[in-house]
Amino acid sequence: MSERWTRDSWRKKPIVQVPQYPDKGELDAVEHKIESFPPLVFAGEARNLKTVLGRVATGEGFLLHGGDCAESFTDPSANNISANNIRDYLRLFLQMAVVLTYAAAMPVVKVGRIAGQFAKPRSSPTEKKNGQELPSYRGDIINGPEFTAAARTPDPARLIEAYRHSASTLNLLRALTHGGYASLGRVHQWMLDLDPRSKQRYLELADRISEALAFMQACGLDLESHPELKATDIYTSHEALLLGYEQAMTREDSTRPGTWCCTSAHMLWIGDRTRQPDHAHIEFCRGIMNPLGLKCGPTTKPDELLRLVEILNPQNEPGRLTLISRLGADKVGEQLPALVRAIKREGRVVVWSCDPMHGNTITATTGYKTRPFDLILKEVKSFFSVHAAEGTHAGGVHLEMTGQNVTECTGGAHAITDEGLNARYHTLCDPRLNAEQAIEMAFLLAELLKAERAARVRPLPVAAGL
Ligand code: TRP
Ligand code: MN
């Protein structure tokens, strides 16, 4: 891997999960056009994210990473990127973040799967329905979900549309997080329509925050002169899958020549299906300076993981790499310790994050692809137990969630059943936590983090003989 990296060096490597565009010339033209579009994020922002993730890696913070499985340009029932959906997502994300920050007394790094999460890897390149075979839906940046030959044919014009949607989503996010909406003075206003128990729990916490703020104000600390209380940073991320688009968005950092930033998002991750060490996706990602995520599924072996870590983070830079385990509730206890030990033994600095969604996908008796909420919680708890046993920090979670009141994962406060999935099953791809389930998850995480802290700051051992 000592060969020189260029923005397009990935093109000479083997690649999987690539769409077949009927007109390559048109694709080239579109990618070329995107090269002249303004960056969506700046290298300085990506560097800030790396700094705060570096603190998470050493145990001083927690990464909250989440959003849609697949964003959509248009579908009004799935997570289309209308202003309402973005606002509802943000409210939920802020609620979760504030629960974690307050209850666990830990800084929370907030990274959305948003403003660019449009490309999906698929288990099969085609889909068959009623005797007809068509290309699989690969996300709105590639083709459309409708089962027609026209919709399923990859269309380069969609890259431009994805850029535009990402830009407008990001614009609204920036306005909401820095324009007053995310102020801690407004914790009560983020309230969503939750079940009575979650509502009660959240309101109690919000009341305590308001009291604390009022107390600080009475002591002379003025909200107005403390911008950190009035705004927050939500970074963006998506899977680095459609490399032609990512290449077109990759720009040289004007302040540091020779450094390349992929400006489509602050953070990019490599999926479990595209992490072959000698393939294109790893090649592309190793050369960009952004913080990276690497999904680790059940087939990840410790040696192979170490090899990937060496390729992606040869300088062992804190915050560069987040390892996102997605093993499944039953396998975490068995498989995660070996991975954690290998990383620790080699002195590698990483953020360990838990994706409790992708290893727990099943087909419900009613035919829907679903995820039992109990299994999701179980994977998170096991993840924390493994880290407690290994003496490492359970650094974050990676969730698929929506602010909409959907019925896609079974269980939770409203005990959604297999039959109940039908009511509001809107996802274009994987089942997401709804607002209630996500808030319940946040409270569970807060408890687990509190316990981790308590174990770390153990009282001094009592002198022998006393
Ligand atoms: N700026 C701080 C932070 O991001 C505090 C803060 C302001 C905050 N608004 C927030 C925390 C909303 C969580 C949610 O941590
Ligand atoms: Mn998914």
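About the cut-offs
Each chain carries its own residue numbering, running from 1 in the direction its sequence is written. As they are written, the chains are lettered A onward and the ligands numbered 1 onward, keeping that order. A pLDDT threshold of at least 70 governs which residues receive local features in this predicted model, and a stricter bar of 80 or more applies before side-chain atom pairs are shown or counted, although totals over entire chains, interfaces and linings include all residues. Excluding hydrogens and water, the side-chain values take into account all heavy atoms of the structure. Under the pairing criterion, centres of Phe, Tyr and Trp rings, with the six-membered ring standing for Trp, must be within 6.5 Å; the plane angle then separates stacked pairs below 30 degrees from edge-to-face pairs above 60, leaving the rest tilted. In this description a helix means any DSSP run of H or I spanning at least four residues, a strand means any run of E spanning at least two, and both kinds are numbered starting from the N terminus. In this scheme, a residue with accessible area under 20% of its type's maximum is buried, one over 50% is exposed, and one in between is partly exposed, where area comes from a 1.4 Å probe on protein chains only. Nonpolar cores were defined as sets of buried Ala, Val, Leu, Ile, Met, Phe, Trp, Tyr and Cys residues, with membership established by side-chain atoms within 4.5 Å. By definition, residues are in contact when any of their heavy atoms lie within 4.5 Å. Paired strands are those between which DSSP finds at least two bridges. We call a crossover right-handed when, viewed with both strands directed away from the observer, the connection leading from the first strand over the helix to the second proceeds clockwise. Fitting a line to C-alpha atoms yields each axis, with helices limited to the stretch in contact; the angle taken between N-to-C directions then spans 0 to 180 degrees. The cut-offs work like this: below 35 degrees is roughly parallel, past 145 is roughly antiparallel, 65 to 115 is roughly perpendicular, and the gaps in between are oblique. Less than a right angle of anticlockwise turn of the near helix away from the far helix marks a crossing as left-handed, whereas a clockwise turn marks it as right-handed. Gly is put with the polar residues, along with every residue not named as nonpolar or charged; the nonpolar set is Ala, Val, Leu, Ile, Met, Phe, Trp, Tyr, Cys and Pro, and the charged set is Asp, Glu, Lys and Arg. In protein, a polar contact requires one atom able to donate a hydrogen and another able to accept it; more generally it is a pair of N or O atoms within 3.5 Å, and residues adjacent in sequence count only if both atoms are side-chain atoms.

A.B. asks: Sorry if this is basic, but what is going on with the packing of aromatic side chains here?
C.D. replies: By convention here, two paired aromatic rings are described through the distance between centres and the angle between planes. Evaluation of the coordinates by the stated rule reveals eight aromatic pairs. Centre to centre, the rings of tyrosine 368 and tyrosine 425 are 4.6 Å apart; their planes meet at 40 degrees, and the pair counts as tilted. Here tyrosine 425 lies in the loop between strand E14 (396–400) and helix H13 (435–456) and tyrosine 368 lies in the loop between strand E12 (362–363) and strand E13 (369–370), a separation of 57 residues in the sequence. Judged by relative accessible area, tyrosine 368 falls into the partly exposed class, the value being 23%. According to the relative accessible area criterion, tyrosine 425 is buried, its value standing at 19%.

A.B. asks: Explanation requested: the nonpolar core in the structure shown.
C.D. replies: Across soluble globular proteins, you tend to see nonpolar side chains buried next to one another. Membership of the largest hydrophobic core comes to 94 residues, with the highest contact counts inside it found for Met96, Leu305, Leu323, Trp352, Val380, Phe384 and Leu433. For this core, the element with the highest residue contribution is helix H3 (residues 83–104), accounting for 13 residues. Leaving out residues up to four positions away in the same chain, phenylalanine 384 has contacts with Phe62, Ala394, Leu445, Leu448, Leu449 and Glu452. Counting 23 residues, the second-largest nonpolar core is a separate cluster that includes Phe37, Leu40, Ala119 and Tyr163.

A.B. asks: Help me understand the pairing of strand E11 (residues 351–354), please; the structure alone is not making it clear to me.
C.D. replies: For a regular strand, the rule is simple: side chains alternate between the two faces of the sheet. Of the two faces of E11, the one lined by Val351 and Ser353 and the one lined by Trp352 and Cys354 are each fully buried. Inspection of the sheet shows strand E10 (residues 321–325) paired to E11 by four bridges, in the parallel sense. Opposite leucine 323, over in E11, you have tryptophan 352 as the bridge partner. Once you follow E10 into helix H11 (residues 332–345) and on to E11, the crossover reads as right-handed. As paired elements, E11 and E14 share two bridges and run parallel to each other. Counterpart to serine 353 in the pairing with E14 is glycine 396.

A.B. asks: Looking at this structure, I do not really get the environment of tryptophan 269. What am I missing?
C.D. replies: Mapped onto the elements, tryptophan 269 comes out in strand E8 (residues 267–270). In this structure tryptophan 269 comes out as buried when scored by relative accessible area, which is 1%. Spatially, the C-alpha atoms of tryptophan 269 and glycine 367 are 30 Å apart, while their sequence positions differ by 98 residues. Dropping the residues within four chain positions of it, tryptophan 269 is found in contact with His65, Arg113, Gln117, Ser237, His238, Glu239, Ala240, Gly293, Lys295, Ile324 and His398.

A.B. asks: Any chance you could explain the packing of H11 against helix H12 (residues 373–390) here in plain terms?
C.D. replies: Geometrically, a packed helix pair is captured by the angle between its two axes and the distance between the axes. The geometry of H11 relative to H12 is characterised by a closest axis approach of 10 Å and an angle of 40 degrees between their N-to-C directions. With respect to H12, the axis of H11 lies oblique. Like other packed secondary-structure pairs, H11 and H12 cross with a definite hand, here right-handed. Residues Val332, Gly333, Leu336, Pro337, Val340, Arg341 and Lys344 of H11 pack against Glu379, Ser382, Phe383, Val386, His387 and Glu390 of H12. Among the residues forming the contact of H11 with H12, the class breakdown is six nonpolar, three polar and four charged.

A.B. asks: Explanation requested: the side chain of asparagine 434 in the structure shown.
C.D. replies: The residue asparagine 434 is located in the loop between E14 and H13 in this model. Taking the relative accessible area as the measure of exposure, asparagine 434 reaches 4% and is therefore buried. Of note is the side chain of asparagine 434, whose polar atom sits 3.0 Å from the backbone oxygen of valine 406. Contacts of asparagine 434, omitting those with residues within four sequence positions, involve Thr402, Gln404, Asn405, Val406 and Ile416.

What is shown is where atoms sit, not what they do.
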